[in-house]
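These are the residues of each chain, in order.
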Amino acid sequence: MLQKESGKQKSIILIGFMGVGKTTIGKALANKLKRDFIDVDHQLEREYNMTVTEIFQYHGEAFFRKKEKEMIIALSKQTQKVISLGGGAFLQEDIRKSCLENGIVLYLDMSFKAWKQRIPFIIDSRPVLQGKSEEEIKNLFNERKAIYINHHLKVKMDGKELEEIVESVIDSLDLA
Ligand SMILES: Nc1ncnc2c1ncn2[C@@H]1O[C@H](COP(=O)(O)OP(=O)(O)O)[C@@H](O)[C@H]1O
Ligand SMILES: O=C(O)C1=C[C@@H](OP(=O)(O)O)[C@@H](O)[C@H](O)C1
Ligand SMILES: [Mg+2]
């Protein structure tokens, strides 16, 4: 069926650095579009009955990455969802490939200057950031930026309110 091939059927998959707002914006976007929302980290937390921090502590990062990969590859093939990934997921080639082939990959792009304001709100729940200096975090931010270049759509986040971001995403998705 032609409709199956159309962009309207594809799931919208949010990518970007930790704390840019993938979970928050994904949920708001799903509400507005009346689609199901899936946050991969929350789904893993439910599956293991542990926080992401606890999964890192008790099972290790390699285990988390493996489970994250299995879950995202399966989810990316589903249609008409809004799916927020964890910020490190797109480093895995298999995840990138499956998301770019099957979904509409939306990159939430924020400057480091604006992002720095988020550190106090996220540091306790993001094991990857813990124990790093600001310079180390900035290097990670820039390394990851190079990976997020692989996307279909991008929204610049600096200085925008949540509602404005959701509206601009809906405009550029052209789902009508
Ligand atoms: N548009 C926004 N303006 C201000 N704070 C925000 C905005 N979006 C998210 N936040 C806050 O930033 C933090 C990280 O948001 P979250 O959606 O969890 O990001 P991510 O899923 O990309 O890690 C949370 O404390 C959240 O409340
Ligand atoms: O960037 C990363 O490596 C991670 C990002 C987190 O998700 P958010 O991007 O939603 O914070 C979460 O998956 C885990 O803490 C690892
Ligand atoms: Mg998130």
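Residues numbered from 1 in each chain as written. Chains lettered and ligands numbered in written order. Predicted model: local features only at pLDDT ≥ 70, side-chain atom pairs only at ≥ 80, totals over all residues. Heavy atoms only, no water.

Asks: Explain the pattern of salt bridges here, please?
Replies: Where charged atoms from two side chains of opposite charge come close, those side chains can pair. Scanning all chains against the criterion turns up 13 salt bridges. Between Lys66 and Glu70 there is a salt bridge; the shortest N-O distance is 3.4 Å. Residue Lys66 and its partner Glu70 are located together in helix α5 (residues 61-76), separated by 4 residues, close to a single helical turn. Here Lys145 makes a salt bridge to Asp109, at a shortest N to O gap of 3.0 Å. Of this pair, Lys145 sits in helix α9 (residues 134-148) while Asp109 sits in strand β4 (residues 104-109), and the two are 36 residues apart along the sequence. One salt-bridge network, in which partners are shared between bridges, spans Asp109, Lys145, Lys154 and Lys156. (Salt bridge = Lys/Arg side-chain N within 4 Å of Asp/Glu carboxyl O. Helix = DSSP H or I, 4+ residues; strand = E, 2+ residues; numbered from the N terminus.)

Asks: Looking at this structure, how should I read the site of ligand 2?
Replies: Around ligand 2, the structure places 14 residues, and the nearest of them are Lys22, Arg65, Gly87, Arg126 and Arg144. At a separation of 2.8 Å, an oxygen atom of ligand 2 approaches a polar side-chain atom of Asp41. In this structure, Arg144 approaches ligand 2 through a side-chain N or O atom, which is 2.7 Å from an oxygen atom. Relative to its unbound accessible surface of 380 Å², ligand 2 loses 98% to contact with the protein. (Near = heavy atom within 4 Å. Polar contact = N/O pair within 3.5 Å; in protein donor to acceptor, adjacent residues only side chain to side chain. Areas by Shrake-Rupley, 256 points an atom, 1.4 Å probe, with all protein chains shown as cover.)

Asks: Teacher, can you tell me more about the sheet that holds β4 here?
Replies: One key point about sheets: their strands pair by backbone hydrogen bonds, in either a parallel or an antiparallel sense. The strand order across the open sheet built from 5 strands is β2-β3-β1-β4-β5, with neighbouring strands paired in parallel fashion. Edge positions in the sheet fall to β2 (36-39) and β5 (153-156), since each of these pairs with one other strand and no more. Strand-to-strand twist of the sheet, defined as the mean angle between neighbouring strand axes without regard to direction, takes the value 20°. One ladder, built from 3 bridges, connects strand β1 (residues 12-15) with strand β3 (residues 81-84); its direction is parallel. Following the sheet pairing, Ile12 is matched in β3 by Val82. (Pairing = 2+ DSSP bridges. Axes fitted to C-alpha atoms, helices over the stretch in contact; angles between N-to-C directions.)

Asks: Help me out: how do you make sense of the UniProt feature "binding site: Mg(2+)" (unreviewed entry) in the protein chain in this one?
Replies: Summarizing the sequence annotation, UniProt attributes the feature "binding site: Mg(2+)" (unreviewed entry) to Thr23 in the numbering used throughout. Residue placement: Thr23 occurs in helix α2 (residues 22-33). The contact partners of Thr23, leaving out residues within four places of it in the chain, are Phe37, Asp39, His42 and Ser84. (UniProt positions renumbered as here; feature names shortened; annotations may be inferred. Contact = heavy atoms within 4.5 Å.)

Asks: Just checking my understanding: could you explain the packing of α5 against helix α6 (residues 93-102) for this structure?
Replies: It is at 9 Å that the axes of α5 and α6 come closest, and there the two elements cross at 10°. The angle between the axes of α5 and α6 places the two elements in the roughly parallel class. From α5, Glu68, Lys69, Ile72, Ile73 and Ser76 reach across to α6, where they touch Asp94, Ile95, Ser98, Cys99 and Asn102. For the contact of α5 with α6, the residue count by class is 4 nonpolar, 3 polar and 3 charged. (Parallel < 35°, antiparallel > 145°, perpendicular 65-115°, else oblique. Nonpolar A, V, L, I, M, F, W, Y, C, P; charged D, E, K, R; others polar.)

Asks: Mind showing me how you'd approach the UniProt feature "binding site: substrate" (unreviewed entry) in the protein chain here?
Replies: Residues annotated in UniProt with the feature "binding site: substrate" (unreviewed entry) correspond here to Asp41, Arg65, Gly87 and Arg144. With respect to the secondary-structure elements, Arg65 resides in helix α5. Assignment of secondary structure puts Arg144 in helix α9. Beyond its immediate chain neighbours, meaning those up to four positions away, Arg144 contacts Phe17, Met18, Arg65, Gly87, Gly88, Leu91 and Val128.

Asks: Help me understand the site of ligand 1, please; the structure alone is not making it clear to me.
Replies: What surrounds ligand 1 is the set Phe17, Met18, Gly19, Val20, Gly21, Lys22, Thr23, Thr24, Arg118, Phe121, Ile122 and Arg126. In this structure, Val20 approaches ligand 1 through a main-chain N or O atom, which is 3.3 Å from an oxygen atom. Thr23 is positioned such that a nitrogen or oxygen atom in its side chain is 2.8 Å from an oxygen atom of ligand 1. In isolation ligand 1 offers 560 Å² of accessible surface; the protein chains occlude 69% of this area. Of all the secondary-structure elements, those providing two or more residues to the shell around ligand 1 are α2 and α8 (119-122). Sort the elements by how many residues they give to the shell around ligand 1 and α2 lands first, with 3 residues. Of the residues that constitute the shell around ligand 1, the class distribution is 5 nonpolar, 4 polar and 3 charged.

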